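Analysis of the macromolecular model
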Amino acid sequence: MSSDAVVEYRREGDIAVLTINNPPVNALSMAVRTELLTHVEKTDADPDIKAVVLICAGRTFVAGADIREFGKKLDGPSGRASMEAVEASEKPFIAALHGTALGGGFELALAAHYRIAVPSARVGLPEVNIGVIPGAGGTQRLPRLVGPEAALDMMTTGKHVAADKALALGLVDEVVDQDTPEALLEGALAFARRLIAEGAPLKRVRDLDDKIRDVDPAVFARIRETRGRKWKGLLAPWRIVEAVETACASSWEEGYAFEDRAFHECRDSPQRAALSHLFFAERQATRIPDVPADVKPLPVRSVAIIGAGTMGGGIAMAFANHGIPVRQVEVSDEALERGREIVHRNYDTSVERGSMTRATADENLQRITGVTDYADIADCDLVIEAVFEDMALKQDIFAKLDAVMKPDAVLATNTSSLDIDQIADATRRPESVVGTHFFSPANVMKLLECVRGAKSSPQTLTTAMSLAKRLDKVAVMAGNCDGFIGNRILAAYGRQADFMLEEGATPSQIDNALKAFGLPMGMYLMRDMAGLDVGWRIRKYREQFRDKSQRYSPIADRLCEMGRFGQKTSAGYYKYEGRNAQPDPEVEQLISSISQELGIARHSISDQEIVDRVIIAMVNEGARIVGEGYAIRASDIDVTYANGYGFPRYEGGPMFWAERRGLAAVYDKVCAYNKEHKDFWEPAPLLKKAAELGSWKAAEEAMADG
């Protein structure tokens, strides 16, 4: 065997062992496919070989296709060809799984006749997360094993399935007792010997049909109806449904051919590039250049939350849902009871929707307890302050925490915009203070914006970032500036939307234009839902710092002065009957009168101009944040906006959108806005450099080099 072989062949008596060794994750590259096909032909031709074990070296079974090969014309066998050869073999193939058998890796396992796994193994077909569908038979084999509903759930969500559940579903045939490579190999060899001794038939998944016969078409109608809103604008999940529907209604050959066409359609779609960008950007966001890779997070076994309101309750649920006990702190037993009622209702809603069983909801609720004395949380590993945005209040809380918390506790604040260093100054341990900005509802929203203070230690930062993985969230690291990453950009494009109201647009026109672009909710509906009084309180605090020479829109302040705080008062930018929003002529009249006061001649503004001005404002402010060092890289802006602010994932985030549109064209547009509107449109230096060099990465590297 050549020393550079990526598929190693050896014999254990009458069993061949094929070991894929293609570090770091055993991707199903052209070299792997070629050598695998050669070895299948070899074992098929050898009469002394009675069975074949397919196993992987290193930390995982094949973790997926080699997406670096997407779109390239390569000479050699396709993934389909190598898997067809495995399935067609007359010798029983046993796939031995450890680590994560995902995507093309799990499709390879499905092509084998049997599957065996270690207890920690996870399997799945998450291709939807990068904008494609399984393309090597996954959409056809999976429903034949588990039925269409379970298959659709796995493939349209991209979720991974643990070994015990995979065994229960029939995805694997056996789980070995021990979690070691030796136990896996020994178990696979023993399994193979039993098959040989029993003369067991080859279990080709493609030939199974009991799970796909006589399937009620309502299965597919139901998933389209229940998931359709979430899939708006996406291509891949719809094609997955069609592929599984074809598997249930047609022959293997017809379904297999449909999958191939749909895979190539998705692969060649602009969405695939955008979603792949986010996939890698989310992983890169965890890397903090000045924090050594060997810094380990502190253990977080118990958490305290200061505040039992809507946000505090959501954060408590996020931890409880992942098995971490929580103690909530409030000023009185009555406040604790009100908070517990909120959490209880939220769990009831989850049960009613079918997203959680009653037993699980009750178990999670039991993990949340309430106290009124700070001394009762002194031994917690992490405490998160989640009260409203008032600096004096937060400083008072942190002084109390400093006095009672154990020395190695992490002291975190959920502030959405206030100065982390001012909060840390209230303690004698600023190195332990960090921002952990959750997004509402905190038990649902994926983004965790971690904010570093000037003195936050590497271990504190690592601990904060590690929370995201524990809580099934996505983390970004932000610097300590007004609004951090997300809300600073929100302020920039919200300001432009307000200015467009003064210039001739209406709240509903702006909202509808942004929804048509792909945002889930318009600017003004979002403000009404959040409560206009929240922003008003923050603006009044910041008034002392505002540059009075720059343009300022008074529309939001005037609405609040009228007592219009949004949905909670049945009137804000819209008027409400329950939760149903309707444009309000009174608001439009108010806006027109403000335009007149300011001497602004109102004119027609197109929907395209609304979208351009809002998104380009995002881009310019994002570039400024990266250039000033408050975000590590441009792709972190995309991660923030795709996971926390509803930017359509199929557009890849605002910075990716700008790069695809053409950075030079975006820069020219910013210059034109600067000439026309002046205030707030000075082109960011990083945008200018990116326009010259053609990419954010090149601009970041050039500016880092000075």
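Check the entry above for the structure.
Summarised in this report is the structure supplied together with it. Owing to the predicted nature of the structure, the values given are computational and were not obtained by experimental measurement.

What counts and how
- Residues numbered from 1 in each chain as written.
- Predicted model: local features only at pLDDT ≥ 70, side-chain atom pairs only at ≥ 80, totals over all residues.
- Heavy atoms only, no water.
- Core = buried A, V, L, I, M, F, W, Y, C linked by side-chain atoms within 4.5 Å.
- Buried < 20%, exposed > 50% of the residue type's maximum accessible area, 1.4 Å probe, protein only.
- Helix = DSSP H or I, 4+ residues; strand = E, 2+ residues; numbered from the N terminus.
- Contact = heavy atoms within 4.5 Å.
- Pairing = 2+ DSSP bridges.
- Axes fitted to C-alpha atoms, helices over the stretch in contact; angles between N-to-C directions.
- Polar contact = N/O pair within 3.5 Å; in protein donor to acceptor, adjacent residues only side chain to side chain.
- Right-handed = clockwise from strand over helix to strand, strands pointing away.
- Patch = residues over 30% accessible without salt bridge, like charges linked within 9 Å, V, L, I, M, F, W, Y side chains within 5 Å.
- Areas by Shrake-Rupley, 256 points an atom, 1.4 Å probe, with all protein chains shown as cover.
- Salt bridge = Lys/Arg side-chain N within 4 Å of Asp/Glu carboxyl O.
- Lys, Arg positive; Asp, Glu negative; His and termini not counted.
- Charge placed at Lys NZ, Arg CZ, Asp CG, Glu CD.
- Phe/Tyr/Trp six-rings, centres within 6.5 Å; stacked < 30°, edge-to-face > 60°.
- Lys NZ or Arg CZ within 6 Å of the ring centre and 35° of its normal.
- Disulfide = S-S within 2.5 Å.
- Parallel < 35°, antiparallel > 145°, perpendicular 65-115°, else oblique.
- Left-handed = near helix turned anticlockwise from the far one by under 90°.
- Nonpolar A, V, L, I, M, F, W, Y, C, P; charged D, E, K, R; others polar.

The next subject is the nonpolar core. Formed by 91 residues in total, the largest nonpolar core has its most connected members in Ile377, Tyr493, Ile510, Tyr573, Trp657, Leu687 and Trp696. Top element by residues in this core is helix H24 (residues 607-627). It accounts for 11 residues. Non-local contacts of Tyr493, meaning those with residues more than four positions away in its chain, are made with Met523, Val614, Ala617, Met618, Tyr641 and Tyr645. Core analysis: the second largest hydrophobic core is formed by 86 residues, Val6, Val86, Leu189 and Phe191 among them.

Right, let's get into the sheet that holds strand S11 (residues 326-329). Within the open sheet, the eight strands sit side by side as S12-S11-S10-S13-S14-S15-S16-S17. Their pairing is mixed. Each edge of the sheet is formed by a strand with only one pairing partner; in this case those strands are strand S12 (368-371) and strand S17 (474-478). When strand polarity is set aside, the average angle formed by the axes of neighbouring strands in this sheet is 25°. Here strand S16 (residues 447-451) pairs with S17 via five bridges, running parallel. Looking across to S17, one finds that Glu449 is bridged to Val476.

Relative to the assigned elements, Arg115 resides in strand S6 (residues 114-117). The exposure class of Arg115 is buried, given its relative accessible area of 0%. The spatial distance from the C-alpha of Arg115 to the C-alpha of Ala236 is 27 Å, given a sequence separation of 121 residues. A polar contact is formed between the side chain of Arg115 and the backbone oxygen of Ala109, at a distance of 2.9 Å. At 2.8 Å, the side chain of Arg115 and the backbone oxygen of Leu171 are in polar contact.

Now for the sheet that holds strand S7 (residues 122-124). Reading across the sheet, the three strands line up as S5-S7-S8 and stay open at both edges, with mixed pairing between neighbours. The open sheet terminates on both sides in strands that have one partner only, identified here as strand S5 (100-102) and strand S8 (161-162). With two bridges connecting them, S7 and S8 associate as antiparallel partners. Within S8, the position partnered with Val123 by the bridge is Val161.

Now for the pairing of strand S14 (residues 410-413). With burial as the criterion, each face of S14 is covered, one bearing Val410 and Ala412 and the other bearing Leu411 and Thr413. Crossover strand S13 (residues 382-385) to S14 through helix H15 (residues 391-404) is right-handed. Here S14 pairs with strand S15 (residues 433-438) via three bridges, running parallel. The residue of S15 that forms the bridge with Thr413 is Gly435.

Next up on the list: a negative patch on the surface. Residues Asp333, Glu334, Glu337 and Glu341 make up a contiguous surface patch of negative charge. Position of Glu337 relative to the elements: it lies in helix H13 (residues 333-353).

Turning to the pattern of salt bridges, a few remarks are in order. Pairing of side chains with opposite charge becomes possible as their charged atoms draw close. This structure, assessed with the given rule, holds 51 salt bridges. Of the charged contacts, one joins Lys446 and Asp472 as a salt bridge, the two residues approaching to 3.5 Å between their closest N and O atoms. Here Lys446 is found in the loop between S15 and S16, whereas its partner Asp472 is found in the loop between helix H17 (458-470) and S17, with 26 residues between them in sequence. Accessibility expressed as a relative area gives 32% for Lys446, which makes it partly exposed. Residues joined in a network through salt bridges with shared partners are Arg488, Glu621, Arg624 and Glu628.

This next bit is on the packing of aromatic side chains. The tally for this structure, following the rule as stated, stands at 13 aromatic pairs. Between the aromatic rings of Tyr493 and Tyr641, the centroid separation amounts to 6.1 Å while the plane-to-plane angle is 70°, which identifies the pairing as edge-to-face. Placement of the pair is Tyr493 in helix H18 (residues 486-503) and Tyr641 in helix H25 (residues 634-644), with a sequence separation of 148 residues. On the accessibility criterion, Tyr493 (5% relative accessible area) is buried. An aromatic cluster is built from Phe439, Tyr493, Tyr641 and Tyr645, whose rings are joined through pairwise contacts. Lying over the aromatic face of Phe279, Arg283 brings its terminal NZ or CZ to 3.6 Å of the ring centre.

Time to look at the state of the cysteines. If you walk through the whole model with that rule in mind, you get zero disulfides. Cys266 carries a free sulfur, and the closest cysteine sulfur to it, the one in Cys248, is 19 Å from it. On the basis of relative accessibility, which here comes to 0%, the residue Cys266 falls in the buried class.

Our focus in this paragraph is the pairing of S17. The buried fraction of S17 amounts to five of the five residues, a majority that puts the element mostly inside the structure. Burial along S17 is two-sided: the residues Val474, Val476 and Ala478 and Ala475 and Met477 are all buried. Running through H17, the crossover from S16 to the neighbouring parallel element S17 is right-handed.

Across the interface, H13 lies against helix H14 (residues 358-366) with an axial gap of 9 Å and an inter-helix angle of 160°. On the basis of the axis angle, H13 is roughly antiparallel to H14. Considering only the axes of H13 and H14, their crossing is right-handed. Each of Arg340, Val343, His344, Tyr347, Asp348 and Val351 in H13 lies in contact with H14, whose residues at this interface are Arg358, Ala361, Asn364, Leu365 and Gln366. Each residue belonging to the contact of H13 with H14 can be placed in one class, and the counts come to five nonpolar, three polar and three charged.

Bringing the environment of Tyr630 into the picture now. Within the element layout of this structure, Tyr630 appears in the loop between H24 and H25. A relative accessible area of 28% means that Tyr630 is categorised as partly exposed. C-alpha separation for the pair Tyr630 and Gly479, spaced 151 residues apart in sequence, amounts to 4.1 Å.

Relative to the helices and strands, Arg429 is located in the loop between helix H16 (420-424) and S15. We classify Arg429 as buried; its relative accessible area is 8%. Residues in contact with Arg429, not counting those within four places in the same chain, are Leu401, Asp402, Met405, Lys406, Pro407, Ala409 and Leu411.

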